[in-house]
Amino acid sequence: MPYAELDALKEECGVIAAYEVGEDLPWLLYIGLFALQHRGEESAGIAVSNGRQLELARGPGLVSEVVTSACLQQLHSIKPRLGIGHVRYGTSSDMGADNAQPLIVRYLQGSMALALNGNLTNTNRIRRELEENGQIFQTTSDTEVILNLIARYRREGIVTAVQRALSQVQGAYSLVLQSDDTLIAVRDKHGFRPLVLGRLGSGYVIASESCAFDAMGAELIRDVLPGEMIIIDQNGLRSERLLGPEVERHSCIFEYIYFARVDSVVDGLNVHAVRRSLGRILAQEQPAAADIVIGVPDSGVPAAVGYALESGLPYEEGLVKNRYVGRTFISPGQSQRNLKVRLKLNPNRHVLEGKRVVVVEDSIVRGTTSRNLIRALRDAGATEVHMRISSPPYIAPCYYGIDTPSASELVAAKYSIEEIRQMIGADSLAFLSLEGLLKAVPIGGNCLSCLTGKYPVQVCQERN
Ligand code: AMP
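Quick caveat, the model's predicted, so the values are computed rather than measured.

What counts and how
- Residues numbered from 1 in each chain as written.
- Predicted model: local features only at pLDDT ≥ 70, side-chain atom pairs only at ≥ 80, totals over all residues.
- Heavy atoms only, no water.
- Core = buried A, V, L, I, M, F, W, Y, C linked by side-chain atoms within 4.5 Å.
- Buried < 20%, exposed > 50% of the residue type's maximum accessible area, 1.4 Å probe, protein only.
- Helix = DSSP H or I, 4+ residues; strand = E, 2+ residues; numbered from the N terminus.
- Contact = heavy atoms within 4.5 Å.
- Pairing = 2+ DSSP bridges.
- Axes fitted to C-alpha atoms, helices over the stretch in contact; angles between N-to-C directions.
- Near = heavy atom within 4 Å.
- Polar contact = N/O pair within 3.5 Å; in protein donor to acceptor, adjacent residues only side chain to side chain.
- Areas by Shrake-Rupley, 256 points an atom, 1.4 Å probe, with all protein chains shown as cover.
- Nonpolar A, V, L, I, M, F, W, Y, C, P; charged D, E, K, R; others polar.
- Parallel < 35°, antiparallel > 145°, perpendicular 65-115°, else oblique.
- Left-handed = near helix turned anticlockwise from the far one by under 90°.
- Phe/Tyr/Trp six-rings, centres within 6.5 Å; stacked < 30°, edge-to-face > 60°.

On to the nonpolar core, then. Of all hydrophobic cores here, the largest spans 44 residues; its most connected members are F254, V293, V360, Y394, Y400 and L437. For this core, the secondary structure elements donating two or more residues are α8 (254–259), α9 (271–285), α10 (300–311), β20 (356–361), α16 (434–440) and α17 (449–452). Among the elements that line this core, the one with the most residues is α9, at six residues. With near-sequence residues (within four places) excluded, F254 lies in contact with F259, S363, Y394, I402 and C450. Residues L103, M112, L130 and L149 belong to the second largest nonpolar core, which totals 31 residues.

Moving on: the sheet that holds strand β21 (residues 384–389). With parallel pairing, four strands are arranged side by side in an open sheet as β17-β20-β21-β22. On the outer flanks of this sheet lie β17 (292–295) and β22 (428–431), each paired with one strand and no other. Going across the sheet, the axis of each strand differs from the next one's by a mean of 20 degrees, ignoring polarity. In this structure, β20 lies alongside β21, joined through six bridges in parallel fashion.

Next up on the list: the site of the ligand. For the ligand, the set of nearby residues contains 16 residues, the closest of which are E361, D362, R366, G367 and T369. Y258 is positioned with one of its side-chain polar atoms (N or O) 2.7 Å from a nitrogen atom of the ligand. Bound to the protein, the ligand loses 96% of the 500 Å² it would expose on its own. Taken together, the residues that form the shell around the ligand break down as six nonpolar, five polar and five charged.

Closest axis-to-axis distance for the α9/α10 pair is 6 Å, and the angle between their directions is 45 degrees. Overall, the two elements α9 and α10 adopt an arrangement that is oblique. Once α9 is placed against α10, the crossing between them reads as right-handed. Of the residues in α10, those touching α9 at H272, R275, R276, G279, R280, L282, A283 and Q284 are P302, A303, V305, G306, Y307, L309, E310 and S311. Looking at the contact of α9 with α10 residue by residue, the class counts come to seven nonpolar, five polar and four charged.

Let's shift gears to the packing of aromatic side chains. Throughout the structure, instances matching the rule amount to eight aromatic pairs. On the numbers, 5.2 Å between centres and 50 degrees between planes, the contact of Y399 with Y455 is tilted. With Y399 in the loop between β21 and α14 (411–414) and Y455 in the segment after α17, this pair connects stretches of sequence that are 56 residues apart. Y455 shares its class with Y399; the two are buried.

The subject of this paragraph is the pairing of strand β2 (residues 43–49). Here β2 lies mainly inside the structure; seven of its seven residues are buried. Here β2 runs beside strand β3 (residues 54–60); their pairing, made up of seven bridges, is antiparallel. When the bridges of β3 are listed, S43 appears paired with P60. In sequence, β2 turns back onto β3 through a hairpin of four residues, with G51 there showing a positive phi of about 100 degrees. Of the strand pairs in this sheet, β2 and strand β4 (residues 82–89) are connected by seven bridges, and their pairing is antiparallel. Residue pairing for β4: S43 is matched across the bridge by R88.

That's the geometry; what it means functionally is another story.
This is the structure in structure tokens:
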């Protein structure tokens, strides 16, 4: 099936887990999840276990809205030894409390909770098969399909059950699971989505990004490897492989460009350092005759600083961000999006007036942000606006866990750079080259499908 016809399943998320990190475990999970809030603002949740009982707090909203102090007390009340958490952004079509994670199942002798970041591509078929066998589903989430498969095999032991279940699903995912007193973390065999392992006291922590560890006071040990399954129980930590042969790594390049927080270390590279190099290389490739360089907060700022350093132009705080407005995208509907851009970024007239400005942005997706921004910069007195993008044109939808619109809404998929320049009203517009990007991320083995349209793994989402 041609990719363009597929529905891009959108599920940007963050996951966290902790094992034996002390009596403050729910609080530490809360803090860690709070640091991952940028990975999803639609719903949040924490599940904890003492090995026999499970407590859960989850629902729509920000971490601070969902996990209230009353919830934290409730989570503490069972004296938990392990727990997991999740923040989620899904599509407008499946918004709602029912799809908040972690998802749980309780059975006669125990319980299980699962939280997942990613997209699975063959779950419709598995769901149909399970339904034909009498299984009832509470949510529309892929995560519930995995949870059901694991529950099915759990008599074979949790490790085998997870391996067997995951050998049936295809897609991009990083997940954390607690089963009674065992904690399991898995990164899919291609390592599309990030996942890191850390140490806190004599216990362990797992998270989508290492910035969560900094907040928790934990130490980063290493990335969970593609196809690795980490098992933590009373015997300590051990590592197993997922079933099947070893395959190539395809970790997401967009985590560096936009998604991850700058203080995180993803696959061994600090995100801030990468973004700064992107800006430096961009300045070498695409210089501009201007007076000042400004960045679009947050993701564009380190690249703008890199651009300024390389070009010798002064960096100025030309756009001031209102910290209380969420990410531009994290609000379905175009009119809401326009409003949010205006609410979120205010041009600083004091530094812009009478200046020729280079504005550095991490990406252009639909073009909404850039268009509104350039108008606002001119209104604030900028005499020229030269837009520089610290990534190559975004030309193809992501099927591996980043929320992007369909190809028809991606401006770079339909128009030339000159046409986009005219649409957004810039005096000049230029993008970083793919070679330039790869210079700044020299580790190799990254998925570049959104920038090349070449998908490393066949996407085979069956329709219902
Ligand atoms: P647009 O306004 O549609 O061109 O989107 C570009 C803006 O959205 C830039 O400021 C990016 O930082 C941001 N962005 C890019 N990709 C995503 C994404 N997957 N989710 C949320 N925001 C994004």
